[in-house]
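Chain and residue survey
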Amino acid sequence: MRLLLVEDDDHVAAALSAVLARHGFQVVHARSGEEALKALLPADKEPFGVVLLDLGLPDQDGYEVCGKIRKRSAIPVIMVTARSDVRSRIHGLNLGADDYVVKPYDTGELLARIHAVARRRTAGEDTGPTPLAALRIGQVHIELPTRRVSVDGQEVQLTRKEFDLLALLAQRPGVVFRREQIISEVWRTSWEGTGRTLEVHVASLRSKLRLPALVETVRGVGYRLVPPSG
Ligand code: CA
């Protein structure tokens, strides 16, 4: 698989490229946002399977680069950053990043995440067998085949995982889904690093839908969707 590594630190890039090459990736290294966007241009080459995007770049902000990539391509983007606060994660995921890895990361974890986003991309829009075409929970309307979500008739843009998470919880409103169950169904993995990612997605979902009480945290267990009573 071709992988675009956007990283201005040559030492980090060299070490990471070596590891990725050992795992069968064809790494193309870009040192700036501009180089990254240029590397994505040629249509004659095999498309990249994934972009690893460092947020601290010399010429433009990594968030900005992610937004530009998203405008022209649906390629999976994993943001790599030292900024670990939840707000910047949500910002990144809102811009269409597929995942978010915080430095210093474990190489095994990074590889697992790369494989996970690439696998989801090749699996396309398949979220498992679903007999229903649409779900309605109060003001929230979820169209499963088109993956569109609206609140009070206003369409809300969700990332793939936010949608999968919402669609999963919405299939059984009121029922508590265990964290492990959600992680395994939405992220198709059981590794522990996803725990934080789940929190971030729940927070992002609450804020995007502007319904903070819709997804309820059941402490120590997981989450459930609370159908509005009105
Ligand atoms: Ca950097």
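Thresholds, definitions, all that
Residues numbered from 1 in each chain as written. Predicted model: local features only at pLDDT ≥ 70, side-chain atom pairs only at ≥ 80, totals over all residues. Heavy atoms only, no water. Helix = DSSP H or I, 4+ residues; strand = E, 2+ residues; numbered from the N terminus. Buried < 20%, exposed > 50% of the residue type's maximum accessible area, 1.4 Å probe, protein only. Contact = heavy atoms within 4.5 Å. Areas by Shrake-Rupley, 256 points an atom, 1.4 Å probe, with all protein chains shown as cover. Phe/Tyr/Trp six-rings, centres within 6.5 Å; stacked < 30°, edge-to-face > 60°. Lys NZ or Arg CZ within 6 Å of the ring centre and 35° of its normal. Expected span 1.5 Å × (residues − 1). Arc of directions from axis to C-beta. Polar contact = N/O pair within 3.5 Å; in protein donor to acceptor, adjacent residues only side chain to side chain. Donors = N, O, S within 2.8 Å, 3.2 Å for Na, K, Ca; no water. Salt bridge = Lys/Arg side-chain N within 4 Å of Asp/Glu carboxyl O. Core = buried A, V, L, I, M, F, W, Y, C linked by side-chain atoms within 4.5 Å. Patch = residues over 30% accessible without salt bridge, like charges linked within 9 Å, V, L, I, M, F, W, Y side chains within 5 Å. Lys, Arg positive; Asp, Glu negative; His and termini not counted. Charge placed at Lys NZ, Arg CZ, Asp CG, Glu CD. Pairing = 2+ DSSP bridges. Axes fitted to C-alpha atoms, helices over the stretch in contact; angles between N-to-C directions.

The name that an unreviewed UniProt entry assigns to the protein is Sensory transduction protein RegX3, with the source organism given as Streptomyces pratensis.

As a further point, take the overall build of the protein. Looking only at helices and strands, the protein has eight helices and twelve strands in total. In the protein, which comprises 230 residues, the proportion classed as buried is 47%. Long-range contacts, defined as pairs at least 24 residues apart, comprise 58% of the intrachain contacts of the protein with a sequence gap of at least 6. About 11,400 Å² of surface is accessible on the protein, with carbon and sulfur atoms providing 52% of the total.

Taken as a whole and judged by the stated rule, the model has zero aromatic pairs. Sitting above the plane of the F48 ring, R2 keeps its charged end 4.2 Å from the centroid.

Over its 13 residues, helix α1 (residues 10–22) runs 18 Å from end to end, which matches the ideal 18 Å to within 8%, given 1.5 Å per residue. For α1, the full list of buried residues reads A13, L16, S17, V19 and L20. Seen along its axis, α1 keeps its buried residues to an arc of 165 degrees; they face one direction. In α1, the exposed residues that point more than 90 degrees away from the buried face are H11 and R22. At the N-terminal end of α1, a side-chain oxygen is found 2.9 Å from the backbone nitrogen of H11, two or three residues along, and the residue is D9. Following α1 by one or two positions, G24 adopts a phi angle in the positive range, close to 90 degrees.

Donor atoms from the polypeptide that bind the calcium ion are D8 (OD), D54 (OD) and G56 (O), placed at 2.2 to 2.4 Å. Each donor residue of the calcium ion lies on the same chain, and together they follow the pattern D-x45-D-x1-G. Remark: D54 occurs in strand β3 (residues 50–54) and D8 occurs in the loop between β1 (2–6) and α1; sequence separation between them is 46 residues. Given the relative accessible area of 33%, D8 is considered partly exposed.

Counted under the stated rule, the structure contains 15 salt bridges. One salt bridge in this structure joins R70 and D98, with 2.9 Å as the shortest N-O distance. Placement of the pair is R70 in helix α3 (residues 62–72) and D98 in the loop between α4 (86–94) and β5 (99–102), with a sequence separation of 28 residues. For D98, a relative accessible area of 4% translates into the label buried. Each member of the salt-bridge network shares a partner with another, and the members are E7, D54 and K103.

Moving on to the nonpolar core. Within the largest apolar cluster, 30 residues are counted, with the highest numbers of intra-cluster contacts made by I142, L166, I182 and L209. Counting only elements with at least two residues in this core, the list comes to β6 (134–137), β7 (140–143), β8 (148–151), α6 (160–170), α7 (179–187), α8 (194–209) and β12 (222–225). The biggest single contributor to this core is α6, with seven residues. Not counting residues up to four positions away in its chain, the partners in contact with I142 are A133, A134, L135, R148, V149, F163, L166 and A170. If you look at the next biggest cluster of nonpolar residues, it comprises 21 residues, including A30, I75, Y100 and V102.

On the surface, a cluster of negative charge is made up of D8, D9, E35 and D59. By secondary structure assignment, the location of D59 is in the loop between β3 and α3.

This paragraph deals with the sheet that holds strand β10 (residues 177–178). Taken in spatial order, the three strands line up as β10-β12-β11 in an open sheet, and their pairing is antiparallel. Strands at the two margins of the open sheet, each flanked by one partner only, are β10 and β11 (215–218). Sheet analysis places β11 next to β12, joined by four bridges and oriented antiparallel. Looking at the pairing, E216 lines up with R224 of β12. Contacting β10, β11 and β12, α6 crosses the sheet at an angle of about 70 degrees to β12.

Turning to the side chain of S17, a few remarks are in order. Relative to the helices and strands, S17 resides in helix α1. With near-sequence residues (within four places) excluded, S17 lies in contact with L5 and V27.

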